[in-house]
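Listed here are the chains, written in short residue letters.
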Amino acid sequence: MRQAAVVRIGIALAWGGFLLREWPNRRELYGDRSPWSAELAGRLIGETHAFTVLTWSDTRLWFELVYHLGLLAAVLLALGWRTRATGVLFAVTAVSLQNRNVLVGDGGDNVVHLMALYLVLVRCGRYWSLDARRARRRPPRGPVGEPRAVLDALATMVHNCGMAVIAVQVVLIYSTAGWYKVQGTRWQDGTALHYPLHLDYFTPWPALSGLLGSSLLLTVLLSYGTVILQVGFPFTLANRRLKNALLALMMAEHLAIAVVLGLPFFSLAMIAADAVFLPTAALLWTERRLAAGLAARTAARRGSGRTDAPAAERGSEERQPASG
């Protein structure tokens, strides 16, 4: 369930960060100023039968309400506050905004779209959330009745199925991406990454992009390495150590994409989806380290408070005039 918590936090931060960054442009993207008008959106949705609440009304007030509810849901979901309710609100608002204008999305939006739906099924608030903190402070319950036990078992089964679906979805993403790359001539000759490194749209750091793109050997190695990682990852799931090694390489690749190509939200969404395969031992080690660091800082603050109080009392006593 810790993997579900990481997926929850990562997807919420990716979508919430995107909404916050595009807040000045929100009306042009999904609102009343969008070139993709409400009429055009309604026609497309009528053909595809996609879901969006933004077709219920084309007023600016309704759009602003949906947009800011989506931003609020992303924050609450990342914090893990009432994750069942906020997860549903997050899914509804995310899907509604993306389906309002499908022309402005990318691969990261598709991942957020899918994961938002899957997170409704899983118990993503059991760890690293305000819900978990509240549950720890709650007094222990009495004996659980049979109906409650049946419902809990059913929820666990749905959670396990949801996590399995997320894992299969990630495998499908990498498999299809890798095998499509294999069929492309640019990937076959190893020059595919040369082109985005020389496009202004994907060069937030021109000097870095120029340095990477100027080396033919490095471009070929990165192109072939990307294909090998994506095609080979599904075949490594049977070997835990090999899977963990390729998982670390893919996360590092996404971090590089975020920096070099300027796609931070796409990379964060992919890293969050990859987290479904993180080993539990690594998450437990991280949890213990964070808990130990937090406990040490709390003890240090309390200790400094206790030592300062007697010092202040001694100072006040020294300032008092002597009697007699």
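Residues numbered from 1 in each chain as written. Predicted model: local features only at pLDDT ≥ 70, side-chain atom pairs only at ≥ 80, totals over all residues. Heavy atoms only, no water.

1. So, the overall build of the chain
- When helices and strands are counted, the chain shows 14 helices and zero strands.
- Each helix (α) and strand (β) of the chain, taken in turn from the N terminus, gives the series α-α-α-α-α-α-α-α-α-α-α-α-α-α.
- Taken over C-alpha atoms, the radius of gyration comes to 25 Å for the chain, far larger than the 20 Å a tight globule of 324 residues would show.
- Its C-alpha atoms give the chain principal-axis dimensions of about 100 × 50 × 50 Å.
- Expressed as a percentage of its 324 residues, the buried residues of the chain come to 38%.
- At a minimum sequence separation of 6, the contacts of the chain that also span at least 24 residues come to 76%.
- Within the structure as shown, the chain displays about 18900 Å² of accessible surface, and the carbon and sulfur contribution to it stands at 66%.
- Here the chain carries 33 positive and 21 negative side-chain charges, and the mean point of each set is 10 Å from the other. (Helix = DSSP H or I, 4+ residues; strand = E, 2+ residues; numbered from the N terminus. Rg over C-alpha atoms; globule rule 2.2 N^0.38 Å. Buried < 20%, exposed > 50% of the residue type's maximum accessible area, 1.4 Å probe, protein only. Contact = heavy atoms within 4.5 Å. Areas by Shrake-Rupley, 256 points an atom, 1.4 Å probe, with all protein chains shown as cover. Lys, Arg positive; Asp, Glu negative; His and termini not counted. Charge placed at Lys NZ, Arg CZ, Asp CG, Glu CD.)

2. Things to note about the pattern of salt bridges
- In this structure the tally under the stated criterion is nine salt bridges.
- Between glutamate 287 and arginine 2 there is a salt bridge, with its nearest N and O atoms 2.6 Å apart. Of this pair, glutamate 287 sits in helix H14 (residues 280-319) while arginine 2 is found in helix H1 (residues 2-21), placing the two residues 285 residues apart along the sequence.
- For arginine 27, the salt bridge goes to aspartate 32, with nearest N and O atoms at 2.7 Å. (Salt bridge = Lys/Arg side-chain N within 4 Å of Asp/Glu carboxyl O.)

3. Considerations on the nonpolar core
- Counting residues in each nonpolar core, the largest one holds 52 residues, and the members touching the most others are Ile11, Trp15, Phe90 and Leu97.
- Mapped by element, the contributors of at least two residues to this core are H1, helix H2 (26-30), helix H4 (60-79), helix H5 (83-100), helix H6 (107-119), helix H8 (146-183), helix H12 (240-260) and helix H13 (264-274).
- Once you skip the residues sitting within four places of it in the chain, leucine 97 turns out to touch Trp15, Leu19, Tyr30, Leu54, Phe63, Val66 and Tyr67. (Core = buried A, V, L, I, M, F, W, Y, C linked by side-chain atoms within 4.5 Å.)

4. Some words on the side chain of threonine 236
- Tracing the backbone shows threonine 236 in the loop between helix H11 (216-232) and H12.
- In contact with threonine 236, not counting residues within four places along its chain, are Leu242, Lys243 and Leu246.

5. Quick look at the confidence of the model for the chain
- Scored by pLDDT, the chain has a mean of 88; 93% of the residues are at 70 or more.
- Of all the helices and strands in the chain, H14 carries the lowest mean pLDDT, 73, while H4 carries the highest, 96.
- Contacts for the low-pLDDT stretch residues 316-324, under 50 throughout, to residues beyond four places or in other chains number zero contacts. (pLDDT = per-residue confidence, 0-100.)

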